[in-house]
Amino acid sequence: MSRGSGSGYDRHITIFSPEGRLYQVEYAFKAIKSVGVTSIGVRGKDSVCVVTQKKIPDKLVDPADVTHMFKITKVIGMCATGKSPDIRNVVQKARHKAAEFRHEFGYEIPVDFLSTRMADEFQVYTQHAYMRPMAAMCMFVGIDEEKGPCLFKNDPAGYCVGYKATSAGVKEQEAINFLEKKVKGENAGNAFDETETIQTAISCLQSVLGEDLKSKELEVGIVTTENKNFRLLSSDVIEEHLTAISERD
Amino acid sequence: MSGIGTGYDLSTTTYSPDGKVFQVDYAGKAVDNGGLALGIKCKDGVVLGVEKLLAFKMLVPGSNRRIAAVDRHAGMAGTGLAPDARAIVTRARQECAQYLSFYGDRIPAKILADRMAHYLHMFTLYWSVRPFGASTLLAVKDHELGYALYLLEPSGEVQRYFGTAVGKGRQAAKNEIEKLVKADAAGSLSCRDAVKHLARIVYSTHDEKDKAFECELSWICDQSGGEFRRVPKELAEEAITLAKAALEDDDMADA
């Protein structure tokens, strides 16, 4: 079927198609969506919140072992969407880079720098045939000393940029449409307080999934200027937010 | 759609248009053709069982074991391509030994599972290697979790389970295990009972069309002193006798 270079081969390794596309990178994005999970990240004036679905298809799986939220350092968190084995690899790399930076320079790696370095790694896979792109979309969150709350998203193409609010996964586009309506104006990304940040993220997820969520189907991670450590909200606190959202609507 | 993956399935470094890495999926199929391997986490330990399909009549019974200890406090049951399963066990043994040598303590369950996940995943990344055609069930005892059961798959997916099964007949086996786990919501299933259940499940899901088989049973539990051991001979024989009897009862009921 593959006739060497031409219409076939560019779909097998990351080389350019005649139209200038990298099909393998595009297929990596499809692999992420095929997992069927959506994540949302929202930045506020003094906090950043990431929310993801906790989907457990097999009743025999121990739910305590399922997570998509990872501490890269005490103060940098990552929400990853995509294939678990690839996510595990990315987490390991990110932790390694952060630790190396701390050892070499004597201070904690800034979120944007970590995100950019990870993006550079991902780019390598899109240029070398010997490895495939990782099927993992990563949202890094942290409170930067100089810039304040930060939310960065990395994708398999090696693209990385900061966001006021974003989404990853199967309902990415619908979520982004929802968020664009909520987070607008000059002050966008700098207006929400902690509660608004969390509730915007959770209500966005509920809206695009079209169903009311229970606290055990969600993971919510947060960093705030008061408490820079990345932590997950307990299910009681998530429940309070869910109730507040449903009363509001 | 590309049907059975024509053209996109030749290399682990190729995604198909719908985002699958077919080589990894195919490695999973190699596992599906292997004998059943199953495990249950009980209140006082973890029990592993394997349906070892015997290809030849002249095989010495009890040889070519599919379940192996990886350290004193951990063991693995493998299915799929047997040599690949052995390679995974070898690596796990090296991880345990290295951790012990470096940190002076037995490797914790989460860390062993994580390291093995990374190792298996690595073989799904490079052109020059193929994924392992074997899945393994890992039973570990450690300070934090007590007893834990993990399933390690060729894709590098590693999950902790209350109970699970892989290989031929896994769907029927998983249904049985689910019933046990559900009924055992209080967490009171003991290893002794689980051994009997596992043997029963192995015998009842065994495909008649297949050749003869042996049922291997191992456990790590309070009764074994927290060490990964073969289930004691008397208990194993009792379990197998009960399993065979249950099968005959079923046959008689059907007839």
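Residues numbered from 1 in each chain as written. Chains lettered and ligands numbered in written order. Predicted model: local features only at pLDDT ≥ 70, side-chain atom pairs only at ≥ 80, totals over all residues. Heavy atoms only, no water.

### Concerning the overall build of chain A
When its secondary structure is counted, chain A shows six helices and ten strands. Expected size for 249 residues packed as a compact globule is a radius of gyration near 18 Å; at 19 Å, chain A falls within 12% of this value. On the principal axes, the C-alpha backbone points of chain A span a range of 60 × 45 × 45 Å. Looking at chain A residue by residue over its 249 residues, the buried ones come to 53%. For chain A, the proportion of contacts with a sequence separation of at least 24, taken over those separated by at least 6, is 62%. By element, 49% of the accessible surface of chain A is carried by carbon and sulfur atoms, the whole surface being about 11600 Å². Both charge centroids of chain A, one from 32 positive and one from 35 negative side chains, sit 5 Å from each other. (Helix = DSSP H or I, 4+ residues; strand = E, 2+ residues; numbered from the N terminus. Rg over C-alpha atoms; globule rule 2.2 N^0.38 Å. Buried < 20%, exposed > 50% of the residue type's maximum accessible area, 1.4 Å probe, protein only. Contact = heavy atoms within 4.5 Å. Areas by Shrake-Rupley, 256 points an atom, 1.4 Å probe, with all protein chains shown as cover. Lys, Arg positive; Asp, Glu negative; His and termini not counted. Charge placed at Lys NZ, Arg CZ, Asp CG, Glu CD.)

### Points about the interface of chain B and chain A
With 36 residues of chain B in contact, the opposing surface of chain A contributes 32 residues. Around 3100 Å² of area is buried between chain B and chain A when both sides are counted, 55% of it from carbon and sulfur atoms. Asp58(A) serves as the salt-bridge partner of Lys174(B), at 3.0 Å between the closest nitrogen and oxygen. Remark: the boundary between chain B and chain A carries 16 residue pairs in polar contact (both at pLDDT 80 or more). Of all the elements in the fold, those that place two or more residues in the side of chain B that touches chain A are helix 3 (109–122), strand 7 (158–161), strand 8 (163–166) and helix 4 (170–183) of chain B. (Buried area = accessible area lost by both parts, 1.4 Å probe. Salt bridge = Lys/Arg side-chain N within 4 Å of Asp/Glu carboxyl O. Polar contact = N/O pair within 3.5 Å; in protein donor to acceptor, adjacent residues only side chain to side chain.)

### So, the environment of Val158(B)
With respect to the helices and strands, Val158(B) occurs in strand 7. Using a relative accessible area of 7% as the deciding quantity, one classes Val158(B) as buried. When the C-alpha atoms of Val158(B) and Asn64(B) are compared, they prove to be 25 Å apart, with 94 residues separating the residues in sequence. Leaving out residues up to four positions away in the same chain, Val158(B) has contacts with Asp65(A), Arg88(A), Ala113(B), Ala117(B), Tyr150(B), Leu151(B) and Leu152(B).

### Points about the confidence of the model for chain B
Residues and elements named next belong to chain B. Averaged over all residues, the pLDDT of chain B is 91; the fraction at 70 or higher stands at 95%. Taken element by element, chain B is modelled with least confidence in helix 6 (residues 233–254), mean pLDDT 87, and with most confidence in helix 3, mean pLDDT 97. For this predicted complex, the interface score ipTM comes out at 0.78, alongside a pTM of 0.86. (pLDDT = per-residue confidence, 0-100.)

### Structural notes on the packing of aromatic side chains
Residue and element names in this part refer to chain A. Counted according to the given criterion, the structure contains 13 aromatic pairs over all chains. Residues Phe101 and Phe113 carry aromatic rings whose centres are separated by 5.5 Å and whose planes lie at 55° to one another, so their mutual orientation is tilted. Of this pair, Phe101 sits in helix 2 (residues 84–105) while Phe113 sits in helix 3 (residues 111–127), and the two are twelve residues apart along the sequence. According to the relative accessible area criterion, Phe101 is buried, its value standing at 7%. Among the aromatic residues, ring-to-ring pairing joins Phe101, Phe105, Tyr107 and Phe113 into one connected group. (Phe/Tyr/Trp six-rings, centres within 6.5 Å; stacked < 30°, edge-to-face > 60°.)

### Some words on helix 4 (residues 172–182) of chain A
Side chains of residues three or four places apart in an α-helix project in the same direction, reflecting 3.6 residues per turn. All names here are of chain A. Taken as a whole, helix 4 has its buried residues at Glu172, Ala175, Phe178 and Leu179. The buried side chains of helix 4 occupy one side of the element, clustering within an arc of 125° when seen end-on. In helix 4, the exposed residues that point more than 90 degrees away from the buried face are Glu180 and Lys181. (Arc of directions from axis to C-beta.)

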